[in-house]
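A closer look at the structure
Given next are the chains, with one letter for each unit.
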Amino acid sequence: SAPLEARGLVKTYGDQGVATRALAGVDLVVAPGESVAIMGPSGSGKTTLLHVLAGVLAPTSGSVLWRGQDLTTLPDRARTQLRRSDFGFVFQAGQLLPELPADENAALPLLLAGTPRPTAIDTSRRWLAHLGLAGMERRRPGELSGGQAQRVAIARALVGRPGVVFADEPTGALDRHTGWEVMQALTTATRAQGASLVVVTHDEEVAHWCSRTVHMRDGLIVAEAHAQPVAPAA
Ligand code: ADP
Ligand code: ADP
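Conventions adopted
Residues numbered from 1 in each chain as written. Chains lettered and ligands numbered in written order. Predicted model: local features only at pLDDT ≥ 70, side-chain atom pairs only at ≥ 80, totals over all residues. Heavy atoms only, no water. 1 Å grid on protein atoms, 1.4 Å probe; cavity = no way out; pocket = protein on both sides within 12 Å on 5 of 7 lines; lining within 4 Å. Points joined across faces, edges and corners; volume = space filled by probe spheres on them. Helix = DSSP H or I, 4+ residues; strand = E, 2+ residues; numbered from the N terminus. Near = heavy atom within 4 Å. Polar contact = N/O pair within 3.5 Å; in protein donor to acceptor, adjacent residues only side chain to side chain. Nonpolar A, V, L, I, M, F, W, Y, C, P; charged D, E, K, R; others polar. Areas by Shrake-Rupley, 256 points an atom, 1.4 Å probe, with all protein chains shown as cover. Salt bridge = Lys/Arg side-chain N within 4 Å of Asp/Glu carboxyl O. Buried < 20%, exposed > 50% of the residue type's maximum accessible area, 1.4 Å probe, protein only.

Before going further, it helps to spend a moment on the layout of surface pockets. In this model, the largest pocket occupies a volume close to 560 Å³. Along the wall of the largest pocket there are 18 residues; nearest its centre are Arg84, Phe87, Phe89, Pro109 and Leu112. For the lining of the largest pocket, the secondary structure elements donating two or more residues are helix H2 (76-86), strand E6 (87-90), helix H3 (102-112) and helix H5 (146-158).

What follows is the structure, given as structure tokens:
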């Protein structure tokens, strides 16, 4: 495995007259298996950074390196392909298809990748069980609580064995206690799978579950904190 590495990211929205500089030169290295919380005031560039790191938004300048490739210079098709095979996504809410039961929702990335249906459903059900949803496999999103629906979304982000999971305010629609449980599930499951996690959040308690927190302001990373002491070099 390799780090996810951003170098000199600048993102400007709009044209000269009304341009907004959302990223003003961001460098960030996310080590394999590391979980990074991105915090900061509204408008500081958190979502923009997440989208650029995940290859869904092109920066104005700078690069994003992943497994030896620069996402920003890859052709669209190759970047989409890489995103599907290597990245998982969790959003705030409303990301599940309402007409599909939990097991089919969580299996979607595998089904889209051409995995035979029985294998895809089987893998999906194992992840659901692992996330505490045994017995709920056939429930539709409307029959699940907010926290349960987010666990289905976490299962869906992980079924394809991604190298990195990107999450944008994954607890934003949940009460405090449920959000805490969902973050524990997200960080634990991601770590168990050996993937890195990049999570945008307003919530200090969410950041508590991550190995590192970076604080943004005006499009820049202005502070960083490690949750755990860094192991001394051998
Ligand atoms: P955060 O996630 O920290 O709230 P964002 O990345 O959403 O910050 O936004 C950073 C800045 O860029 C804000 O000033 C926001 O209004 C602006 N911005 C974000 N997306 C767009 C867009 N699609 N078009 C124009 N301005 C945008
Ligand atoms: P967040 O709460 O995560 O910062 P927002 O609700 O600000 O997200 O933005 C949601 C979406 O709208 C994002 O994809 C962002 O790029 C876009 N967006 C944010 N600000 C603007 C803006 N000023 N103009 C156009 N699009 C925007």
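This is not the end of the story, as more comes after the structure.
Turning to the site of ligand 1, a few remarks are in order. As a structural note, the neighbourhood of ligand 1 is formed by Tyr13, Thr20, Ala22, Pro41, Ser42, Gly43, Ser44, Gly45, Lys46, Thr47 and Thr48. Backbone polar atom of Gly45 to an oxygen atom of ligand 1: 3.0 Å apart, as the coordinates give it. Between ligand 1 and the protein, one listed contact pairs an oxygen atom with a side-chain N or O atom of Thr48 at 2.5 Å. At the level of secondary structure, the elements contributing two or more residues to the shell around ligand 1 comprise strand E2 (20-30) and helix H1 (46-53). Among the elements that line the shell around ligand 1, the one with the most residues is H1, at three residues. Across the shell around ligand 1, the residue classes tally to three nonpolar, seven polar and one charged.

Take the site of ligand 2 next. As a structural note, the neighbourhood of ligand 2 is formed by Thr47, His51 and Asp168. Thr47 places a polar side-chain atom, nitrogen or oxygen, 2.7 Å from an oxygen atom of ligand 2. The fraction of the free accessible surface of ligand 2 (550 Å²) that becomes covered by protein chains is 23%.

Taken as a whole, this structure holds one cavity of 30 Å³ or more when the rule is applied. Reported here for the largest cavity is a volume of approximately 30 Å³. Around the largest cavity, the lining residues are Arg176, Gly179, Trp180, Met183, Asp203, Glu205 and Val206. Those elements that provide at least two residues to the lining of the largest cavity are helix H6 (176-192) and helix H7 (204-207). In terms of residue count, the dominant contributor to the lining of the largest cavity is H6 (four residues).

Attention now goes to the pattern of salt bridges. Within this structure, the stated rule accounts for ten salt bridges. Between Arg7 and Glu5 there is a salt bridge, and its shortest N-O distance comes to 3.1 Å. Judged by relative accessible area, which is 43%, Arg7 ranks as partly exposed. Of the charged contacts, one joins Arg126 and Asp122 as a salt bridge, the two residues approaching to 3.8 Å between their closest N and O atoms. With Arg126 and Asp122 both in helix H4 (residues 117-130) and four residues apart, the pair spans about one turn of that helix. By relative accessible area, which is 54% here, Arg126 ends up exposed. Taking the relative accessible area as the measure of exposure, Asp122 reaches 45% and is therefore partly exposed. Through salt bridges that share partners, Asp103, Glu104, Arg117, Arg125 and Arg138 make up one connected network.

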